[in-house]
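# Geometric and topological summary
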Amino acid sequence: MAVSAGLIGALIGLVLGIVEYRIVSGVVIAALRRTDRSTTQAERDDYERRIRWLKVALAVLMIGGTPVMGYVIGRTVFG
């Protein structure tokens, strides 16, 4: 049973995407929280809601996109 080069590339891409997400989201979210100038609880809640949306967008792009790129590269380069 041979494993496709594309699937191996997708698996490597998934692992790299997860690592990339953890690093980038940690740095970006920490920087955003340091620069929070909210004065009321409503402003803080809105800021936290925006941070959650950013985390979702980063996860979709990094964890979702990197395996696709890994699959395409694996299929293209290694057949």
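Only a predicted model underlies this, so the values are computations on that prediction, with no experimental measurement involved. (Residues numbered from 1 in each chain as written. Predicted model: local features only at pLDDT ≥ 70, side-chain atom pairs only at ≥ 80, totals over all residues. Heavy atoms only, no water.)

## Focus on the environment of Arg75
- Position of Arg75 among the secondary structure elements: in helix H2 (residues 41-78).
- For Arg75, a relative accessible area of 42% translates into the label partly exposed.
- In this structure, the C-alpha to C-alpha distance between Arg75 and Val19, residues 56 residues apart in sequence, is 23 Å. (Helix = DSSP H or I, 4+ residues; strand = E, 2+ residues; numbered from the N terminus. Buried < 20%, exposed > 50% of the residue type's maximum accessible area, 1.4 Å probe, protein only.)

## Re the UniProt feature "transmembrane region" (unreviewed entry) in the chain
- The UniProt feature table records "transmembrane region" (unreviewed entry) at residues 6-32 and 53-73.
- Along residues 6-32 one finds 100% helix and 0% strand; the C-alpha atoms at either end are 37 Å apart.
- Structurally, residues 53-73 comprises 100% helix and 0% strand, and the distance from its first C-alpha atom to its last is 29 Å. (UniProt positions renumbered as here; feature names shortened; annotations may be inferred.)

## Focus: a nonpolar patch on the surface
- Where nonpolar side chains cluster on the molecular surface, the patch consists of Val3, Leu7, Ile8, Ile12, Leu16, Val68, Tyr71 and Val72 and spans about 750 Å² of accessible area.
- Every element with two or more residues in the nonpolar patch is listed here: helix H1 (5-34) and H2.
- Broken down by element, the residue count for the nonpolar patch peaks at four residues, all from H1.
- Assignment of secondary structure puts Val72 in helix H2. (Patch = residues over 30% accessible without salt bridge, like charges linked within 9 Å, V, L, I, M, F, W, Y side chains within 5 Å. Areas by Shrake-Rupley, 256 points an atom, 1.4 Å probe, with all protein chains shown as cover. Salt bridge = Lys/Arg side-chain N within 4 Å of Asp/Glu carboxyl O.)

## Observations regarding the pattern of salt bridges
- Overall, the coordinates contain three salt bridges when judged by the stated rule.
- Residue Asp46 pairs with Arg50 through a salt bridge whose shortest N-O separation is 3.0 Å. Placement of the pair is Asp46 and Arg50 together in helix H2, with a separation of four residues, close to one helical turn.
- Take Asp46: its relative accessible area is 27%, and that puts it in the partly exposed class.

## Observations concerning the packing of H1 against H2
- Relative to each other, H1 and H2 sit at 155°, their axes nearing to 7 Å. Compared by their axis directions, H1 and H2 come out roughly antiparallel. Like other packed secondary-structure pairs, H1 and H2 cross with a definite hand, here right-handed. (Axes fitted to C-alpha atoms, helices over the stretch in contact; angles between N-to-C directions. Parallel < 35°, antiparallel > 145°, perpendicular 65-115°, else oblique. Left-handed = near helix turned anticlockwise from the far one by under 90°.)

## Quick look at H1
- The terminal C-alpha atoms of H1 lie 43 Å apart, and with 30 residues this matches the ideal 44 Å at 1.5 Å per residue to within 8%.
- Taken as a whole, H1 has its buried residues at Ala5, Gly6, Gly9, Ala10, Gly13, Gly17, Tyr21, Ser25 and Ile29.
- Buried-residue contacts for H1 involve H2. (Expected span 1.5 Å × (residues − 1). Contact = heavy atoms within 4.5 Å.)

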